[in-house]
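# Per-entry structural report
For reference, the chains in residue letters:
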Amino acid sequence: MERPGIYDLGTATITAAVTDSVITEGVSAAGVAQELIDRLEGMASATLYCEFVYGSGGTTCAVIVQTSINQGSDWIDVCRFDFTTANASKTANLSAEAAAAVAAVAALSVEGKVDGVLGDRLRAKVTSTGTYAGNTSVSVRAAVR
């Protein structure tokens with residue numbers, strides 16, 4: 001594996017409702033800003049940690065971690081964390097080596113996770129409903145091995 005380590009997949013303040021807002025900020029090998037963490041070829045597993053700090057207001061907030069195996073042309077949901085109106089921290093472990101049946105690429109349902117699929121890049125995106133306030137925020141990190 002080229003770059004094992006801990007990566008910040010994104011931190012965002014949540015205010016107005018958003019749909020599929022990518023929160024990952026990475027840098028390419030050429031030093032160009034991008035909305036993903038790449039150069040993770042050979043990633044065998046990733047432990048994800050997602051923290052939601054609730055301020056006030058709002059209804060729901062979903063944080064979806066995605067991977068790609070075709071240079072970011074198509075993104076595959078591999079983990080989804082769901083939050084409402086309370087502080088919470090959640091973890092999940094993804095394994096590329098877990099046996100998995102053939103499945104259609106589709107959006108994950110609440111608190112969903114897919115093992116057996118890890119490409120060479122990761123990113124996180126947020127979808128929220130309602131109007132959060134009071135410094136409501138979300139952050140997600142990945143320990144890649």
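Report on the accompanying structure. Predicted, not measured: the structure shown is a model, and the values here were computed from it. (Residues numbered from 1 in each chain as written. Predicted model: local features only at pLDDT ≥ 70, side-chain atom pairs only at ≥ 80, totals over all residues. Heavy atoms only, no water.)

### Some thoughts on the pattern of salt bridges
Inclusion rule: Think of a salt bridge as a Lys or Arg side-chain nitrogen and an Asp or Glu carboxyl oxygen that are within 4 Å of each other. Exposure is judged per residue with a 1.4 Å probe applied to protein chains only, and the accessible area is read against the type maximum: over 50% gives exposed, under 20% gives buried, and values in between give partly exposed.
What the rule picks out here adds up to six salt bridges. Linking Asp38 and Arg39 is a salt bridge whose minimum nitrogen-to-oxygen distance equals 3.2 Å. Taking the relative accessible area as the measure of exposure, Asp38 reaches 11% and is therefore buried. Arg39 sits in the partly exposed class, given a relative accessible area of 21%. Salt-bridge contacts for Lys113 lead to Asp115; the nearest nitrogen and oxygen are separated by 2.8 Å. For Lys113, a relative accessible area of 41% translates into the label partly exposed.

### A short note on the packing of aromatic side chains
What counts here: Working definition: rings of Phe, Tyr and Trp (its six-membered ring) pair if their centres are within 6.5 Å, and the pair is stacked with planes under 30 degrees apart, edge-to-face with planes over 60 apart, and tilted otherwise. In this description a helix means any DSSP run of H or I spanning at least four residues, a strand means any run of E spanning at least two, and both kinds are numbered starting from the N terminus. Should the NZ of a Lys or the CZ of an Arg lie within 6 Å of a ring centre and within 35 degrees of the ring normal, that charge is described as sitting over the ring.
The full count for this structure, using the stated rule, is four aromatic pairs. A centroid spacing of 5.1 Å and a plane angle of 10 degrees characterise the contact between Phe52 and Phe83, whose relative ring orientation is stacked. Residue Phe52 is found in strand E5 (residues 45-53), and its partner Phe83 is found in strand E8 (residues 76-83); the two are separated by 31 residues along the sequence. Assigned by exposure class, Phe52 and Phe83 land together as buried. Here a set of aromatic residues connected by ring pairs shows up, and it is made of Phe52, Tyr54, Phe83 and Tyr132. In this structure, Lys90 is placed above the aromatic ring of Phe83, and the distance from its NZ or CZ to the ring centre is 4.7 Å.

### Some points on the nonpolar core
This is how it is decided: Among buried residues, the Ala, Val, Leu, Ile, Met, Phe, Trp, Tyr and Cys ones that are joined through side-chain atoms within 4.5 Å form a nonpolar core.
Ranked by internal contacts, the top residues of the largest apolar core, which has 31 residues, are Leu9, Val63, Val65, Phe81, Leu122 and Val138. For this core, the secondary-structure elements that each account for two or more residues are strand E1 (5-13), E5, strand E7 (60-67), E8, strand E9 (88-95), strand E10 (122-129) and strand E12 (137-144). Here the element with the most residues in this core is E8; it accounts for five residues.

### What about the sheet that holds E9?
Using the following cut-off: Strands pair, by our definition, only if DSSP identifies at least two bridges between them. Here an axis means a line fitted to C-alpha atoms, over the contact stretch when the element is a helix, while the angle between two N-to-C directions is reported on a 0 to 180 degree scale.
In spatial order, the strands read E1-E12-E5-E9; together these four strands make up an open sheet with antiparallel pairing. Of all strands in the sheet, those with a lone pairing partner are E1 and E9, marking the two edges. The sheet shows a mean angle of 15 degrees between the axes of neighbouring strands, direction not considered. Relative to E12, E1 runs antiparallel, the two being bridged by eight bridges. What sits directly across from Ile6, in E12, is Ala143.

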